[in-house]
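The lines below spell out each chain.
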Amino acid sequence: MDLLNASVVLLNFVIIPATAYGSQLALGALGVTLIYGILRFSNFAHGDTMAFGTMVTILFTWMFQAMGISLGPLPTALLALPFGIAATAVMMMLTDRWVYGFYRRHKAKPIVLVMASLGVMFVLNGIVRVVLGPGEQQFNDGARFIVNARDFRAATGLTEGLAFRASQGITIIVTLIAVVALFWFLNRTRTGKSMRAFSDNEDLALLSGINPERVVRVTWILAAILATTAGVLYGLDKAFKPFTYFQLLLPIFASAIVGGLGNPLGAIAGGYIIAFSEVTLTYAWKKVATYALPDGMAPDGLAQLLSTDYKYAVSFTILVIVLIFKPYGLFRGKAV
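Within every chain, residues take consecutive numbers counted from 1 along the sequence as written. In view of the model being predicted, local features appear only for residues whose pLDDT reaches at least 70, and side-chain atom pairs are presented and counted only at 80 or more, with totals across whole chains, interfaces and linings using the full set of residues. Each side-chain value is worked out from all heavy atoms of the structure, with water and hydrogens disregarded.

Q: Give me unusual backbone geometry: which residues, what numbers.
A: For Lys107, which is not glycine, the phi dihedral falls at a positive 55°. Numbering of helices and strands runs from the N terminus, with a helix taken as a DSSP run of H or I at least four residues long and a strand as a DSSP run of E at least two residues long. Mapped onto the secondary structure, Lys107 falls in the loop between α3 (77-105) and α4 (110-132). Even without being a glycine, Ala303 presents a positive backbone phi close to 55°. Examined against the element boundaries, Ala303 turns out to sit in the loop between α13 (286-292) and α14 (311-325).

Q: Explain the packing of helix α6 (residues 166-188) against helix α7 (residues 190-200) to me, using residue names and the numbers behind them.
A: The geometry of a pair of packed helices is captured by two quantities: the angle between their axes and the separation between those axes. As a packed pair, α6 and α7 sit with axes 5 Å apart at the nearest point and diverge in direction by 80°. Comparing the axis directions of α6 and α7 gives the class roughly perpendicular. Where α6 abuts α7, its residues Phe185, Leu186, Asn187 and Arg188 lie against Arg190, Thr191, Gly192, Lys193, Met195 and Arg196. Here the contact of α6 with α7 is composed, by residue class, of 3 nonpolar, 3 polar and 4 charged. Axes, fitted as lines to C-alpha atoms, cover a helix only where it is in contact. Angles between the N-to-C directions of the axes lie from 0 to 180 degrees. Any angle between 65 and 115 degrees counts as roughly perpendicular, while under 35 counts as roughly parallel, over 145 as roughly antiparallel, and the rest as oblique. Here, two residues are considered to be in contact whenever any of their heavy atoms come within 4.5 Å of each other. Three classes are used: nonpolar for Ala, Val, Leu, Ile, Met, Phe, Trp, Tyr, Cys and Pro, charged for Asp, Glu, Lys and Arg, and polar for all others, with Gly counted as polar.

Q: Just give me the short version of the packing of helix α1 (residues 2-39) against helix α11 (residues 249-259), but keep the residues and values in it.
A: Where α1 contacts α11, the two axes come as close as 8 Å, and the packing angle between them is 70°. Put simply, α1 runs roughly perpendicular to α11. For the pair formed by α1 and α11, the contact residues are Tyr21, Leu25, Gly28, Ala29 and Val32 on the first element and Pro251, Ile252, Phe253, Ser255 and Ala256 on the second. Grouping the amino acids of the contact of α1 with α11 by side-chain chemistry returns 8 nonpolar, 2 polar and no charged.

Q: Could you give me a rundown of the environment of Ala298, with the residues and numbers involved?
A: Within the secondary structure, Ala298 is located in the loop between α13 and α14. With residues near it in sequence (within four places) discarded, Ala298 still touches Thr290 and Leu293.

Q: I'd love a proper account of α1, names of residues and values included.
A: In a regular helix each residue adds 1.5 Å, so 38 residues correspond to 56 Å; α1 covers 53 Å between its end C-alpha atoms and thus fits that length. Axes are fitted to the seven residues ending at a residue and to the seven starting at it; the angle between these axes is taken as the bend at that residue. The sharpest bend along α1 comes to roughly 50°, located at Leu11. Each residue is assigned to one of three classes by its accessible area relative to the maximum for its type, calculated with a 1.4 Å probe on protein chains only: buried under 20%, partly exposed between the two thresholds, exposed over 50%. Burial within α1 is extensive, with 28 of its 38 residues counted as buried. With its phi angle positive at about 70°, Arg40 sits one or two positions after the end of α1. By this rule, a helix spans an expected 1.5 Å times one less than how many residues it contains.

Q: Residues and numbers for the nonpolar core, please.
A: Nonpolar side chains in soluble globular proteins tend to be buried together. In terms of nonpolar packing, the biggest core is built from 78 residues, with Leu30, Phe41, Tyr100, Trp220, Phe240 and Leu248 touching the most fellow members. The leading source of residues in this core is helix α9 (residues 212-237), at 14 residues. When near neighbours in sequence (up to four residues on either side) are disregarded, Phe240 contacts Ala51, Thr54, Met55, Ile58, Val128, Leu132, Gly135, Glu136, Gln137, Phe139, Gly235 and Tyr245. As used here, the term nonpolar core means buried Ala, Val, Leu, Ile, Met, Phe, Trp, Tyr and Cys residues forming a set that is joined through side-chain atoms within 4.5 Å. Membership of the second largest hydrophobic core comes to 8 residues, among which are Ala18, Tyr283, Val288 and Tyr291.

Q: Please provide a residue-by-residue account of the pattern of salt bridges, values included.
A: When a carboxyl oxygen of Asp or Glu lies within 4 Å of a side-chain nitrogen of Lys or Arg, that pair is called a salt bridge. On inspection of all chains with the given rule, the structure shows 4 salt bridges. Between Lys287 and Glu160 there is a salt bridge, with its nearest N and O atoms 3.7 Å apart. With Lys287 in helix α13 and Glu160 in the loop between α5 (149-156) and β2 (164-165), this pair connects stretches of sequence that are 127 residues apart. Lys238 is the salt-bridge partner of Asp237, the closest N and O atoms lying 3.1 Å from each other. Since its relative accessible area comes to 8%, Asp237 is described here as buried. Connected through salt bridges with shared partners, the residues Arg165, Asp237 and Lys238 form a single ionic network.

This is the structure:
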């Protein structure tokens, strides 16, 4: 019985949260690796692009809620998500036309595009703060739990109750659908194959008649879908705060680089590696140990390796280690 209670605690505070968080990081890292693999630069504005898409989704969510439109047990934000994606795609294509496209036409080095993306990052961050303010915004509605702790305890007779939040379940399901759809698009459609060819060898792709501008547009649209979806799922699971999305840039880039920057499969694996590492190293294991260990052997303290204040330090440390010993990433991406 104690082992079952320990397993429930582990599911509640480590496995389910880390899986949901890893799904959010994986979607964000996919957007980063897609832009790097095709457009050849690291987009430092990706975190604030997530914030921008989430901001638009929140505004439409509030509008639908005021009009009495909802999805019942599902969050209204899912209904508003396509509008957030559309607005973000338009914003990213305009940014490419006014900023990144200029440097591409002048054959600027990738570092110049990176510096330009820093400028875009600050502009987007300012827009989001002006529109929604710097404070925390809640926009989650619908059913709160898929599995309720009280009902679980009543049904099983265990001391610990399993609490599986609806936002966590939606995150995992939506991420699975998005990843399957993305890989199907890249591997089965003509446009997706053109993008892969452009990424592998740009000169040969151009000689084959592939339209580079079309590839660029589709890349930004896919990045907008991934960034907005990741941002909205993170906001539903936690809460929306502009500065939080700026901070997410580190674990997202760590996920992409650890998996192999430019490798979509690596971005997904990297997202879960970073998420489970952060959650595992910052969780207080006292309760799990109390159930799992024999009487008298439970630790007196929290049995916490790192404070939650240092969770981003975990991402940074893993990133540094991978860059030193395996700079191409676990799945052999492009050179970092």
